[in-house]
Amino acid sequence: MTGAEFLHTIRLNRVNAALLDRLPELRAPQAHLVAGALFGTVWNVRSGQPPQAQIRDYDLFYWDADTSYEAEDAVIRRADALFADLGVQVEVRNQARVHLWFPQKFGQTRPPLRSTREGIDQFLVACTCVGVDERGELYAPNGLADLAAGRLRPNAHNHTPGLYAAKVADYRKRWPWLREEEG
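All values derive from a computational prediction rather than experimental measurement.

Calculation notes
Residues numbered from 1 in each chain as written. Predicted model: local features only at pLDDT ≥ 70, side-chain atom pairs only at ≥ 80, totals over all residues. Heavy atoms only, no water. Helix = DSSP H or I, 4+ residues; strand = E, 2+ residues; numbered from the N terminus. Expected span 1.5 Å × (residues − 1). Buried < 20%, exposed > 50% of the residue type's maximum accessible area, 1.4 Å probe, protein only. Arc of directions from axis to C-beta. Contact = heavy atoms within 4.5 Å. Pairing = 2+ DSSP bridges. Polar contact = N/O pair within 3.5 Å; in protein donor to acceptor, adjacent residues only side chain to side chain. Axes fitted to C-alpha atoms, helices over the stretch in contact; angles between N-to-C directions. Parallel < 35°, antiparallel > 145°, perpendicular 65-115°, else oblique. Nonpolar A, V, L, I, M, F, W, Y, C, P; charged D, E, K, R; others polar.

A. Structural view of helix H4 (residues 69–83). In this model, H4 (15 residues) spans 21 Å end to end at C-alpha, consistent with the 21 Å of a helix rising 1.5 Å per residue. For H4, every residue scored as buried is listed here: Ala-71, Glu-72, Val-75, Ala-79, Leu-82 and Phe-83. One side of H4 carries all its buried residues, which in axial view fall inside an arc of 95 degrees. Structural note: H4 exposes Tyr-69, Glu-70 and Ala-81 on the side pointing more than 90 degrees away from its buried face. Buried residues along H4 sit against helix H2 (14–26), strand E2 (58–62) and strand E3 (90–94).

Have a look at this one:
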């Protein structure tokens, strides 16, 4: 799968298209649409499902040195207003804050992230490390071959490998044709 094919495929999901079209209006530094909204759309299309099938939420990452709850909440409120008509759950997270809440949520520590793309680099499953920024630029540090083929491998750059098995089980439940391979 080429980058152009990927970008075309993810826009078959009308929510992705709307989010990407409006993302510059969010005015959040380093904003990217990431994760399941992207790879889930590709896997849905590949398996003959509607592009939006089985996508639970739409994740938007950004990175801002202001790690206060109030600053992140202001961006979340802007996103709520900007995307309210889409009828989906949009999760907005400042990647500079992840290390602050991660231990309480998952019981494990993580080092601070220095950019949105560093957050993408650390997804649990290597082929899911994808994002599209507010300019429509694709970021896929591990390429797209495994994503297109449905090959799931642990990401060596992830700091919480104990969560990998549950993530793979969830993906395989939704897309049974995916296959796990050793890193």
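B. A look at the sheet that holds E3. Spatial strand order, E3-E2-E1-E4-E5: five strands in an open sheet with mixed pairing. Both edges of this open sheet fall to E3 and strand E5 (138–139), since each of them pairs with a single strand only. Judged from the three bridges that link them, strand E1 (residues 32–34) and strand E4 (residues 131–133) form a sheet pairing that is antiparallel. Of the residues in E4, the one forming a bridge with Leu-33 is Val-132.

C. View of unusual backbone geometry. Here Arg-27, not a glycine, exhibits a phi torsion of approximately 55 degrees, which is positive. Here Arg-27 shows up in the loop between H2 and E1.

D. Looking closely at the side chain of Asn-155. Take Asn-155: it is sitting in the loop between strand E6 (151–152) and helix H8 (164–174). Engagement of the side chain of Asn-155 in a polar contact is seen with the backbone oxygen of Phe-123, the distance being 2.7 Å. Every residue in contact with Asn-155, bar those within four places of it in the chain, is listed here: Asp-121, Gln-122, Phe-123, Leu-124, Val-125, Ala-126 and Cys-129.

E. Broad picture of the packing of helix H1 (residues 3–10) against helix H3 (residues 36–46). Their axes nearest at 9 Å, the elements H1 and H3 cross at an angle of 90 degrees. When the interaxial angle is binned, H1 and H3 end up roughly perpendicular. Along the contact surface, H1 presents Phe-6, Thr-9 and Ile-10, while H3 presents Leu-38, Thr-41, Val-42 and Val-45. In the contact of H1 with H3, the residues fall into five nonpolar, two polar and no charged.

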